[in-house]
Amino acid sequence: MPARNQEQWEKKPDLKLGEWVDSRIYSDEEIFEDELRNIWKKAWIPLMHESELPEPFDFRTAIIAREPVIVVRGPDNKIRAFLNVCPHRGMAVDRRPAGSFLTGEPSGNAKHMTCMFHGWQFDMNGNCVEIPRENAGYQGRVTKEGQGLRRLRCETKYGGIVWVCLDDKVDCDVEGWTGGCLDCIKDSLDEEPLEIFHYHKAIIDCNYKLWHDTNSEFYHDYMHYHNRITGFDDGYFARKCAAFDNGHVNVGTFTVNYGEYEVADDRGDLTFPHLPPNNWYMVDMFPGVNINLRGSAVRMDLMTPLSANKVMIEFRGLGLKSDTQETRERRIHHHNTIWGPFGRNLHEDLVGIAGQGVTMMPNSEPRRILQGRHEGLYIHDEVGMRHFYETWGKWMDRLPSDPSKKYEPGLVVGPEMPPAKGISSFPGKVAAE
Ligand code: FES
Ligand SMILES: [Fe+2]
């Protein structure tokens, strides 16, 4: 068949609903706003690792769905999260990416979070402990007791990952949120304390879901030289996708032949506890998280959607806290041969999604993006994306293949979808006020 004319190009694909999505879900600004409200503000987000706040009074700031968040380690060693918003006149309480409140500064007292605008101060529990000239101005109408920071639900779980949820009414904890998708690597992450050894971020002109799609499908593995030469064997193609509640997916493990790649050494002796030597698990969590355990190193990607066509992706590399310097250097090398700037994986993925971002800018013509490969749930099956978009459609009350229409159960998922443990009615479930 020759190249298609306009009418042929715009015709719906001859596939079932759920086997393609409309590209407006990647570019429409109104849909993007709905996503922040309906999805990102209701999800548990793994914002950072506890080792990024090693000492009491350490803090780190972040953003979830445009809401500024500050995470602090208290003198009791407990990690807590608050909205980074001063209750007085709404200034960001602290504007630094990270630091320590242990010592005083011209703009803040020691051991307190100080809003430099008018000097209100808060302790590590978020209690307001100082309002300058409180009685002179308020005569008891506003008191410290009633002016604490907005505390956010925060749990440190699964190898020390710090999870935060903006919505107090969401009726599940982190374990319930994961729905079992991390069970495959839980023991490996929890056996002993982990420590961050790598952090970088990329800001890419594309929708955040395109990055998630790329992590969820392996059909593009021909783009990855490293994967091809270290992994293309029967074990690789026998990896199976599994779906979990809340839109999460994971891809089963297999043994990677690192010896096939000249600068990669065998990772068998440094493989994480409870993981067979040189194995590789990958977990894709709704709505924009990827946790990868590749033998000796963990990679965690967190997406922060910035606009319909812009995403910040933070990449963290983790090893065991007990590492010797030599061991740590080897882990870093392992991490970087694949995921570092000169590695053989990460930048290739970024090039792929940047190319998609070019074709899917706000107000671009709608296109159909196919996700209809069925290969018995094995590695090239696009079931991971179909599962994601089934959940997305439900939470957004929009049909992914035509987002101007309402979601209808059964229309999104093809009959070959794996029986997930049950699609959660999570956004609709709220705790009693
Ligand atoms: S805005 Fe923070 S003290 Fe006034
Ligand atoms: Fe990739």
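What counts and what doesn't
- Residues numbered from 1 in each chain as written.
- Chains lettered and ligands numbered in written order.
- Predicted model: local features only at pLDDT ≥ 70, side-chain atom pairs only at ≥ 80, totals over all residues.
- Helix = DSSP H or I, 4+ residues; strand = E, 2+ residues; numbered from the N terminus.
- Buried ≥ 20, exposed ≤ 12 C-beta atoms within 10 Å, placed from the backbone.
- Contact = placed C-beta atoms within 7 Å.
- Pairing = 2+ DSSP bridges.
- Axes fitted to C-alpha atoms, helices over the stretch in contact; angles between N-to-C directions.
- Expected span 1.5 Å × (residues − 1).
- Core = buried A, V, L, I, M, F, W, Y, C linked by C-beta atoms within 7 Å.
- Domains from an automatic or database assignment.
- Nonpolar A, V, L, I, M, F, W, Y, C, P; charged D, E, K, R; others polar.

Draft legend 1. Region of the structure containing the overall build of the protein. Scanning the protein from N- to C-terminus turns up 11 helices and 19 strands. Projected onto its principal axes, the C-alpha positions of the protein cover 80 × 55 × 35 Å. A burial count over the protein gives 45% of its 433 residues as buried. Considering only intrachain contacts with a sequence separation of at least 6, the fraction spanning at least 24 residues in the protein is 66%.

Draft legend 2. Structural detail: the sheet that holds strand E10 (residues 151-157). Read from one edge to the other, the open sheet built from seven strands follows the order E2-E11-E10-E5-E4-E3-E6, with strand pairing classed as antiparallel. Looking at strand neighbours, the two that pair on one side only are strand E2 (44-49) and strand E6 (98-100), the edges of this open sheet. Mean inter-strand twist for the sheet, computed between neighbouring axes without regard to direction, equals 30 degrees. Bridging between strand E3 (residues 58-64) and E6 involves three bridges; their strand directions are antiparallel. Note that in E6 the partner of Asp58 across the bridge is Ser100.

Draft legend 3. The sheet that holds strand E18 (residues 310-320), seen in detail. Strand order in the open sheet formed by seven strands is E12-E18-E17-E16-E15-E14-E13, and the pairing between neighbours is antiparallel. Here the strands that pair on one side only, and so sit at the sheet edges, are strand E12 (194-204) and strand E13 (241-243). Averaged over all pairs of adjacent strands, the angle between their axes in this sheet comes to 15 degrees, without regard to strand direction. The sheet contact formed by strand E16 (residues 289-294) and strand E17 (residues 297-307) spans six bridges and is antiparallel.

Draft legend 4. Representation of helix H11 (residues 383-396). Along its 14 residues, H11 runs 20 Å from first to last C-alpha, staying within 8% of the 20 Å computed at 1.5 Å per residue. Buried residues dominate H11, accounting for 14 of its 14 residues. Asp397, located one to two residues past H11, shows a positive phi value of around 50 degrees.

Draft legend 5. Representation of the nonpolar core. Counting residues in hydrophobic clusters, the biggest one holds 97 residues, and the most contacted among them are Val69, Val71, Val162 and Val164. Ranked by residue count, the leading element in this core is H11, at seven residues. When residues of this core are assigned to domains, at least three map to each of domain 1 (12-39 + 181-426) and domain 2 (44-156). Setting aside chain neighbours within four positions, we find Val162 in contact with Leu47, Met48, His49, Glu50, Val71, Ile79, Cys154 and Thr156.

Draft legend 6. Structural detail: the domain arrangement of the protein. Under the domain assignment, the protein is made up of domain 1 (12-39 + 181-426) and domain 2 (44-156). For domain 1 versus domain 2, the distance between C-alpha centres works out to 33 Å. Opposite the 11 residues of domain 1 that make contact, domain 2 presents seven residues. Contributing elements (two or more residues each) for the side of domain 1 that touches domain 2: E12, E17 and E18. A breakdown of the residues in the side of domain 1 that touches domain 2 according to their chemical character gives seven nonpolar, one polar and three charged.

Draft legend 7. View of the pairing of E18. Two strands pair when backbone bridges link them, and E12 and E18 are joined in this way by 10 bridges, in the antiparallel orientation. For Glu195, the partnering residue across the bridge sits in E18 and is Gly319. Taken together, the nine bridges between E17 and E18 define a ladder with antiparallel strand orientation. By the bridge assignment, Thr304 is partnered in E18 with Met312.

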